[in-house]
Protein chains: 4
Amino acid sequence: MIDEGLLAPVARGHDGPVADSAFLDALVSAEYGLVAAYGDIGLAPADAVDTFAHACGVADRDGRSASGLDVGQVADAAVAGGNPVIPLVGMLRERMPREHRVWVHRGATSQDILDSAIMMVARDALTQVCASLTEAAEHLTQRAHTHRDDVAAARTLTQHAVPTTIGLRLTTWARGLQHAADRLAALELPAQLGGAGGTLASFVEITGSADRAQDLASAFAARAGAVEAVAPWHVTRWPVTELGDALVAALDAMGKLAGDITTLSRTEIAEVAEGSGGGSSAMPQKQNPTEAVLIRSAALRAPNLSATLHLASAFAVDERPDGAWHAEWPTLRDLLRLALGASWHVSNLARHLRVDAERAAMNLARSGGLVLSERLSLVLKPLIGADAVTAIVTAASAGDDLRSLVQDALTRHNIDRTVDDLLDPAAYTGIAAELVDRGRDTEESR
Amino acid sequence: MIDEGLLAPVARGHDGPVADSAFLDALVSAEYGLVAAYGDIGLAPADAVDTFAHACGVADRDGRSASGLDVGQVADAAVAGGNPVIPLVGMLRERMPREHRVWVHRGATSQDILDSAIMMVARDALTQVCASLTEAAEHLTQRAHTHRDDVAAARTLTQHAVPTTIGLRLTTWARGLQHAADRLAALELPAQLGGAGGTLASFVEITGSADRAQDLASAFAARAGAVEAVAPWHVTRWPVTELGDALVAALDAMGKLAGDITTLSRTEIAEVAEGSGGGSSAMPQKQNPTEAVLIRSAALRAPNLSATLHLASAFAVDERPDGAWHAEWPTLRDLLRLALGASWHVSNLARHLRVDAERAAMNLARSGGLVLSERLSLVLKPLIGADAVTAIVTAASAGDDLRSLVQDALTRHNIDRTVDDLLDPAAYTGIAAELVDRGRDTEESR
Amino acid sequence: MIDEGLLAPVARGHDGPVADSAFLDALVSAEYGLVAAYGDIGLAPADAVDTFAHACGVADRDGRSASGLDVGQVADAAVAGGNPVIPLVGMLRERMPREHRVWVHRGATSQDILDSAIMMVARDALTQVCASLTEAAEHLTQRAHTHRDDVAAARTLTQHAVPTTIGLRLTTWARGLQHAADRLAALELPAQLGGAGGTLASFVEITGSADRAQDLASAFAARAGAVEAVAPWHVTRWPVTELGDALVAALDAMGKLAGDITTLSRTEIAEVAEGSGGGSSAMPQKQNPTEAVLIRSAALRAPNLSATLHLASAFAVDERPDGAWHAEWPTLRDLLRLALGASWHVSNLARHLRVDAERAAMNLARSGGLVLSERLSLVLKPLIGADAVTAIVTAASAGDDLRSLVQDALTRHNIDRTVDDLLDPAAYTGIAAELVDRGRDTEESR
Amino acid sequence: MIDEGLLAPVARGHDGPVADSAFLDALVSAEYGLVAAYGDIGLAPADAVDTFAHACGVADRDGRSASGLDVGQVADAAVAGGNPVIPLVGMLRERMPREHRVWVHRGATSQDILDSAIMMVARDALTQVCASLTEAAEHLTQRAHTHRDDVAAARTLTQHAVPTTIGLRLTTWARGLQHAADRLAALELPAQLGGAGGTLASFVEITGSADRAQDLASAFAARAGAVEAVAPWHVTRWPVTELGDALVAALDAMGKLAGDITTLSRTEIAEVAEGSGGGSSAMPQKQNPTEAVLIRSAALRAPNLSATLHLASAFAVDERPDGAWHAEWPTLRDLLRLALGASWHVSNLARHLRVDAERAAMNLARSGGLVLSERLSLVLKPLIGADAVTAIVTAASAGDDLRSLVQDALTRHNIDRTVDDLLDPAAYTGIAAELVDRGRDTEESR
């Protein structure tokens, strides 16, 4: 039990779909899928298929196994050949009566089973990740509506720049998550059935023709609940890298949100707080943005894991490479695991986030209106000249009262605008409200 | 002139579209696009637009500038504010007559211009990359047809496994490249126009309404030859990461091909050779697979560059982050540069690759037929039993003549198969020929 | 049980020192170390120290615990606060009688315990890694002596370049491993004791003076079997990155060796073979270089894990960062785990590697002497001119007999050298033998 | 001119030591070093050495060339063979009179020259980086003394935790930079001279003996101003990865400092400001922490570059690998470039940083003393019980006056401590002052 999650609290409790046991179940299911596919094309007797299901524990609707195999035992036996399928096949054959044994793993290579199983595990994990992301996006969209017109500081390079709204900020987070979820949902997760060299030669030999071998591949993909690949992808690894890319993109979107939350939670800013901040035994006054911190830790780890998948893809030489393929398995699992955990916390965080609109407005007001300098420039420059505007902003930056300075200018030049309007941050939020509404409309139209 | 390509021969001569000067041109074009967009919605006088075009050198059909600005001067001036747009705006304004000066960069923030310019540069670079990849895929597909039925060894974990065909190998490479090109071609490359905080507030102020501000954004995107974004993406960086992901995926596909070529070029294997291998002054007998080596160097560098883009995306806090955005520019340029160079070499390599079908067949025959062990197993096990098959393979592995051993077994058991057929690698290539034909059909239907 | 090693066969069976349970034990040991340190400076009563040892299970010579705490329970409770120390402290306090409870975790912050525990775990793991690497280097050095003068082809850019010796190749591997082991052994692994903000304020408060607080820190480091840090390193993370750097460098050295072995094991090259190659059920003739493949999979994953540690270090803002620290734990564990597993296999591989010196010589001879072109150039150019040498090599490359061509040239120009010598690869191995001897001398002097 | 720094403002103006022209000069210097080494061991006539120096432009004291060779021309010619040394040798030979031409590149392989040149470039760049880091550390140490006792908030997980001092913060930065500089200064940068296969066979042939070949290697290293390697490191790449590791560690330390500065510069925090913050044309009130932003962009890019060097090291198969070596050159250059630029800005930033001690104290006071909760706990728990302390902190967190609450408790329990002392942050800074003093002493003792 090398890893139960002690060092990865972000995923603890949410990573069941990618546990070793889930992979083992998926391997058994893939083997079952092959036997069943032989049945589907009329080669394997129905009895062999049923016997496999019983003997190997494939029982439930989805074809997932309850094989009762011991993960540790398979893991131990996997070392000699370098992958778990080799010993697994032996164990499964032992469970089958001699007359049906031939159908177990018939014509397949380890990679057929392992690649297909990985896609099956990924499919299940993605369902959960997408659900969490969508839930989070819904919470945020809804809350964006509540704060649609609440002003806040837009910060660039850490400095107050111009006004924005809390609503737009929440909508931006939601849109990022939803875009990521859409990409995950659009992924192709193909099954793999190519035989030892990717030619399906064994399956042609067994089924008697190229057509029937391809029927078998179709049936196998269907049984695996997976897309049928155009061609074997044993050394054309885009199904793995596109999955990795989409996962890391999802973690990027989560990391962006979490980074904003840790920033906005800072003692001096305090515009948001986690619903139930993590405590500190020594410093009882602290309310740490723990979920955001954990999400950020995941977002920081994810990109380099994804890069490893690309390296493995680029180094997928021959008809099965000498190390690159093996590097994919734990790396992809870690990515899925991070996405599972982080998305759960994003959803929870989105639901419980406490937003302090009053504090956001106070922060915005700190600069005494200077956050509206851009607006003053745009409005007044044509009327009083650039130098005069600069003089006003400079004086205000040095401590003079901006309202008076602007009022003087308006009066002196007989300008028909009011200070109240010019320095009202709510009057300078552009299309923020439209973007919030558009976000809600998009959400509702799903 | 920090970098003219001395250390990056893979890209030398092919990276013009992503040179600093190209970026500077794109920045000027983006600024021009904004002035022109103000003209398009009826705000900026036509004269201002024309004047900008003349004064700033935007002359050609594509709106690309020939500004004559000095890259080094802009680069020097860029340090103080941290980006090149800040000084560029000043330089462009100086070139404009006082009365039109106001339209330069009006309401925009540096990021609007820089992000849009990056997308414009990327578009041009991708056109070239896709052309190279498609050309390479066409060469390979055509040559796959030539070698459709030429047998070769499929190698797994570096060992001969089963027969495959040269045709399938070439088709696999072609399919990988084409998949990558399709993904690149499908990318959305949106323009960016959000103003200082992503609210378009300045544009609403200038144009007088939210609707007209959005008209301006549409016109700007059209002028930039780019997709209009659903919303500003200043801190939602998927347009950058999806571009990076697709580029690295393309380099993965190129790396796979190149890795196979360096392997198959090995002195002991020698199934392929580069059309014009790189020489060695000291060792005149050597014919190095130089292009493949260069492509591999690119494929090895690409994944971690892409990871950096994801990190930048995950750390895109606030309404403009404190470092993450700046990290994107050179990183994305490097990725584009590698893709430009490597894809050119892949195309050249595919065109000139020398394939030695005779040698491939000889290599396959090295094992004296043992490469057909899987077939022997499949065919003979049901007829003579697993133990007998194992005995044959073991004896042959130890040096006995496989043909005789198999012939004996066939005779002894009165089996109606011939040794010639059973040990004919060409008869055990599965659907390789179908996959080659399918690849050609797909290619032709484009 | 997310991870028992099913997907990471390289480490299965060798990663006990970095299992969650080992980390939990180390956390308890670190907490014990603090209580004991209070005892060492005369503050905590001996009874409290002993009681902790008994109640919490710290029993063995090294102060390692056998706490009996349930990893899963601690992991579950760790989520809320984001790290396992927070709940652990509560659990340990419950085990202590009320009167001694105050000494548990007294004045410490979670990071003090976790960072120190990580260093303790690392120390144990490194001992094992270094032992494996040293053992491997010894095997290789010894075998290099056996093959000291056996010629083989030096290959550059995949092509035969000049002769080398098997001995030098083995020595090069050994030297790489030994350099890596030395670097690991030279690492500083400091304990951490800084309190909540890195000022030791709580310890000054508790002990009554800055001096005594520093005495406590010294005693704690001693109890942890760790180096005492010059200053708290809570946000100066070089102890972690230097550890990561050295681990990945070790995996680089292992990857180099493994990559050579997979290459040299290729069916067409076959100069080496693993002692017990991994089999294939479907293709009984195959002998896969499984250990080398697994090692390569580790070497491919390691660099990006190390990069993540650097990112965490660079983002260690404030007095404890908002995510970067949390990203370190599982990443460092993975690196240690890969190093543990890969080094074991390297040692096993080095011991059992089968070297086929005859085959190496045959491979070298494939080019009919052209592999000595460099030598011919050096010797003959001054005597017969560059053009004549080129003509010889060109003719030989095209198939003419090199021996005859050289003999003709020697005869024609009355040159006092023999063909046998000039084309003897063993006479052109430079200082290979000296390097082998030097490697052995270095090894023996350890 | 692909890259003049338009997209990398962090390095613009500081990266001359690693420009292509510097690499070309170093290549010429390395070639000169070889000719001169032949002279040193008495083989090449003095005239040949002098002629090379004149003809190839090696003129200055350090042996650096002023060859006048055109970088672009060499770069163009480098593509065919994949590295710049191949064409360079031809160009240099052309410049030499026929009788001395033989000494140019005599017996060497491209890698000997390129690897040695890279180390020469690195040495020069490191001198500059170390100087900047040391200068920065000196500024910070000096300023730490000024702010030795100025209190500020220590922040953990973004929340105020306990008091610290500005002095300690500055000292921590300084110590991080100095540690990094020390590591850079301690690097071994060996020359490379191994010949085509790493055996020095050509040099033995030319010099007549193994001993003299090794004398040549020693002389060459001395001429290159580099350490002599124990053995050729053509495929044992620790000299490159250790350099990369130390560079990225330096950028980590700079990134930590820069991240703190962007955080502390936030509008709401404002404890520090850059001496001359970057302006914004549209928002004249902004003072952006531009240098810190640029440094962070470098720190974010560096780790993955370093990872690529490790990958190249792990994939350094054969006696020269098929792509890994080529991937090192631009990657290492980028790392050096980032270090050069970032370290300059760190030094400048450290010199001009404006520190607002008053604001830091005000921020610390925001929590009305709750930042001293840990101290209250430590002091009062033994006297009034844990529950009573919790009640006080809870009430104060909810808005009650902490001073009064504490005063009441002291009075009620007759405790001989004063509120003024207990809630004085300056009285709870632990050994911060000692750490500042120790930092200064260390600095002075250099």
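Residues numbered from 1 in each chain as written. Chains lettered and ligands numbered in written order. Predicted model: local features only at pLDDT ≥ 70, side-chain atom pairs only at ≥ 80, totals over all residues. Heavy atoms only, no water.

Chemist: What am I meant to see in the packing of helix α3 (residues 71-81) of chain A against helix α4 (residues 85-95) of chain A here?
Modeler: Each pair of packed helices can be described by the angle between their axes along with the distance between the axes. Residues and elements named next belong to chain A. It is at 7 Å that the axes of α3 and α4 come closest, and there the two elements cross at 125°. Classed by the angle they form, the pair α3 and α4 counts as oblique. Facing α3, whose interface residues are Q73, V74, A77, A78 and G81, α4 presents I86, P87 and M91. Partitioned by chemical class, the residues of the contact of α3 with α4 number six nonpolar, two polar and no charged. (Axes fitted to C-alpha atoms, helices over the stretch in contact; angles between N-to-C directions. Helix = DSSP H or I, 4+ residues; strand = E, 2+ residues; numbered from the N terminus. Parallel < 35°, antiparallel > 145°, perpendicular 65-115°, else oblique. Contact = heavy atoms within 4.5 Å. Nonpolar A, V, L, I, M, F, W, Y, C, P; charged D, E, K, R; others polar.)

Chemist: I tried to follow the confidence of the model for chain A on my own but got confused; where do I start?
Modeler: Parts of the model with low pLDDT should not have their predicted coordinates read in detail. Of all residues in chain A, 96% attain a pLDDT of 70 or more, and the chain-wide mean is 94. ipTM for the predicted complex: 0.96, alongside a pTM of 0.97. (pLDDT = per-residue confidence, 0-100.)

Chemist: I would appreciate a short explanation of the pattern of salt bridges in the present structure.
Modeler: Think of it this way: side chains of opposite charge can pair up when their charged atoms draw near. The full count for this structure, using the stated rule, is 108 salt bridges over all chains. The shortest N-O distance in the salt bridge between E205 of chain D and R375 of chain C comes to 2.6 Å. Residue E205 of chain D is located in helix α7 (residues 201-207), and its partner R375 of chain C is located in helix α13 (residues 373-384); the two belong to separate chains. Note that D40 of chain D is salt-bridged to R223 of chain D, the shortest N-O span being 2.8 Å. In this pair, D40 of chain D sits in helix α1 (residues 20-40) while R223 of chain D sits in helix α8 (residues 210-223), placing the two residues 183 residues apart along the sequence. (Salt bridge = Lys/Arg side-chain N within 4 Å of Asp/Glu carboxyl O.)

Chemist: Can you walk me through the interface of chain A and chain B in this structure?
Modeler: The parts lose accessible area when they come together, and the size of an interface is often stated as this lost area. Contact residues are listed per partner, giving 78 residues for chain A and 79 residues for chain B. Together, the buried faces of chain A and chain B total about 6,400 Å²; carbon and sulfur atoms form 59% of this surface. Run the count over chain A and chain B and you get 10 salt bridges. Where chain A meets chain B, there are 34 residue pairs in polar contact (both at pLDDT 80 or more). When grouped by side-chain class, the residues that make up the side of chain A that touches chain B number 35 nonpolar, 22 polar and 21 charged. (Buried area = accessible area lost by both parts, 1.4 Å probe. Polar contact = N/O pair within 3.5 Å; in protein donor to acceptor, adjacent residues only side chain to side chain.)

Chemist: Got a minute to help me understand the pairing of strand β2 (residues 159-165) of chain D in this structure?
Modeler: Remark: a regular strand shows side chains that alternate across the two faces of the sheet. All names here are of chain D. By the criterion of burial, β2 is predominantly enclosed, with seven of the seven residues buried. For strand β1 (residues 151-156) and β2, the ladder comprises six bridges, and the chain directions are antiparallel. Across the sheet, T156 pairs through a bridge with Q159, a residue of β2. Between β1 and β2, which follow one another and run antiparallel, lie two residues, and L157 among them has a positive phi close to 50°. (Buried < 20%, exposed > 50% of the residue type's maximum accessible area, 1.4 Å probe, protein only. Pairing = 2+ DSSP bridges.)

Chemist: Would you mind showing me how to read the interface of chain C and chain B here?
Modeler: With 37 residues of chain C at the interface, the matching set in chain B holds 37 residues. Of the roughly 3,300 Å² buried between chain C and chain B, counting both surfaces, carbon and sulfur atoms make up 55%. Run the count over chain C and chain B and you get two salt bridges. In this structure, R155 of chain C engages E268 of chain B in a salt bridge whose closest nitrogen and oxygen atoms are separated by 2.7 Å. Between chain C and chain B we count nine residue pairs in polar contact (both at pLDDT 80 or more) in total. When contributions to the side of chain C that touches chain B are tallied by element, the ones reaching two or more residues are β1 (151-156), β2 (159-165), α9 (238-264), α10 (290-314), α12 (357-365), α13 and α14 (386-397) of chain C. For the side of chain C that touches chain B, the element with the most residues is β2 of chain C, which contributes four residues. Broken down by class, the residue content of the side of chain C that touches chain B amounts to 14 nonpolar, 15 polar and eight charged.

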